[in-house]
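# Fold and geometry: a report
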Amino acid sequence: MADSMSEMLRRDMQCEGLLECFHDLKAIDRDIFQLLQETKEPLTVDEIADQVDRERSTAYRAVQRLLQAGFIQKEQVNYEQGGYYHVYESRSAEEITNEMQRLLNDWYAKMGQLIGEFEEKYGDEPRPATPAES
C-alpha cells in the first residue's frame, strides 16, 4: 500500500529510501547496483549472480529493473566465431542524479497543474457584487 504524500514527507528518509520511492527498487537491486559501482567493469548476469550469491533468474530480474530505472547500461559483446552476450555496468552517479532531477521537475510541474485544476474546480466561485447602499 502506497504511503500518502504527507506521510512520506514526514518520514525520516535516507538515500536508499529515495531510490525505492523513485524507482521501486528492492534490496537485491541496490546490492547489484553497489556491486557494479564498486567493480568499475562490466559483468555478465552469471558473474553478478555469483557475486551476490543469488540464483541467475533473481539476478536477471534485478538487472532488468535497474536497466528500466536507468541505473545501469547494457552492452553487447560479440564472439569472433559468431554469437554474442551482454554485460552490464553502472551509469555515473551524475547521470542518474540528473535524470532523477528531471523526473522530479516533471512531477513537480504536473502536480502544480493538478493543484491548479483542483482550485479551479473546487475553489470559491466569485460572489455577485452586493448592490451599493444609498
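Residues numbered from 1 in each chain as written. Predicted model: local features only at pLDDT ≥ 70, side-chain atom pairs only at ≥ 80, totals over all residues. Heavy atoms only, no water.

### A few points about the overall build of the chain
- Counting secondary structure elements, the chain contains 6 helices and 2 strands.
- From first element to last, N terminus to C terminus, the chain shows the α and β order α-α-α-α-α-β-β-α.
- Counting the 134 residues in the chain, one finds 23% classified as buried.
- In the structure as shown, the chain presents an accessible area of about 10,500 Å², 48% of it carried by carbon and sulfur atoms. (Helix = DSSP H or I, 4+ residues; strand = E, 2+ residues; numbered from the N terminus. Buried < 20%, exposed > 50% of the residue type's maximum accessible area, 1.4 Å probe, protein only. Areas by Shrake-Rupley, 256 points an atom, 1.4 Å probe, with all protein chains shown as cover.)

### Overview of the side chain of arginine 91
- Counting through the fold element by element, arginine 91 comes out in the loop between strand S2 (84–90) and helix H6 (93–122).
- One polar contact links arginine 91 to glutamate 99, side chain to side chain, over a distance of 3.3 Å. (Polar contact = N/O pair within 3.5 Å; in protein donor to acceptor, adjacent residues only side chain to side chain.)

### Focus on the environment of glutamate 55
- One can find glutamate 55 in the loop between helix H4 (45–52) and helix H5 (56–69).
- Residue classification places glutamate 55 among the exposed residues on the basis of a relative accessible area of 58%.

### Section: the nonpolar core
- With 21 residues, the main nonpolar core has Ile32, Leu36, Ile48, Leu66, Phe71, Ile72 and Tyr88 as its most contacted residues.
- If you list the elements that add at least two residues to this core, you get helix H3 (27–39), H4, H5 and H6.
- Each residue touching isoleucine 48, except ones within four places of it in the same chain, is listed here: Ile32, Leu35, Leu36, Leu43, Ala59, Val63 and Tyr88. (Core = buried A, V, L, I, M, F, W, Y, C linked by side-chain atoms within 4.5 Å. Contact = heavy atoms within 4.5 Å.)

### Describing a nonpolar patch on the surface
- Together, Leu104, Trp107 and Tyr108 make up an exposed nonpolar region whose accessible area comes to about 350 Å².
- On the secondary structure map, tyrosine 108 appears in helix H6. (Patch = residues over 30% accessible without salt bridge, like charges linked within 9 Å, V, L, I, M, F, W, Y side chains within 5 Å. Salt bridge = Lys/Arg side-chain N within 4 Å of Asp/Glu carboxyl O.)

### Describing the side chain of aspartate 29
- Here aspartate 29 shows up in helix H3.
- A relative accessible area of 0% places aspartate 29 in the buried class.
- Residues within four places of aspartate 29 in sequence aside, it is in contact with Asp24, Ala62, Arg65 and Leu66.

### A look at the packing of H3 against H5
- Between H3 and H5, whose axes approach to 9 Å, the crossing angle comes to 80°. By the criterion of interaxial angle, the relationship of H3 to H5 is roughly perpendicular. Two secondary-structure elements touch here, H3 through Ile28, Asp29, Ile32 and Phe33 and H5 through Thr58, Ala59, Ala62, Val63, Arg65 and Leu66.
- Its residues assigned to classes, the contact of H3 with H5 comprises 7 nonpolar, 1 polar and 2 charged. (Axes fitted to C-alpha atoms, helices over the stretch in contact; angles between N-to-C directions. Parallel < 35°, antiparallel > 145°, perpendicular 65-115°, else oblique. Nonpolar A, V, L, I, M, F, W, Y, C, P; charged D, E, K, R; others polar.)

### Observations regarding the pairing of S2
- As defined by bridge partners, strand S1 (residues 72–78) adjoins S2 across 7 bridges and the pair is classed as antiparallel. The residue bridging lysine 74 from the neighbouring strand is tyrosine 88, located in S2. (Pairing = 2+ DSSP bridges.)

### Remarks on unusual backbone geometry
- Of note in the backbone geometry, lysine 40 takes a positive phi value of approximately 60° without being a glycine.
- One can find lysine 40 in the loop between H3 and H4.
- Taking relative accessible area as the criterion, lysine 40 reaches 67% and is therefore assigned exposed.

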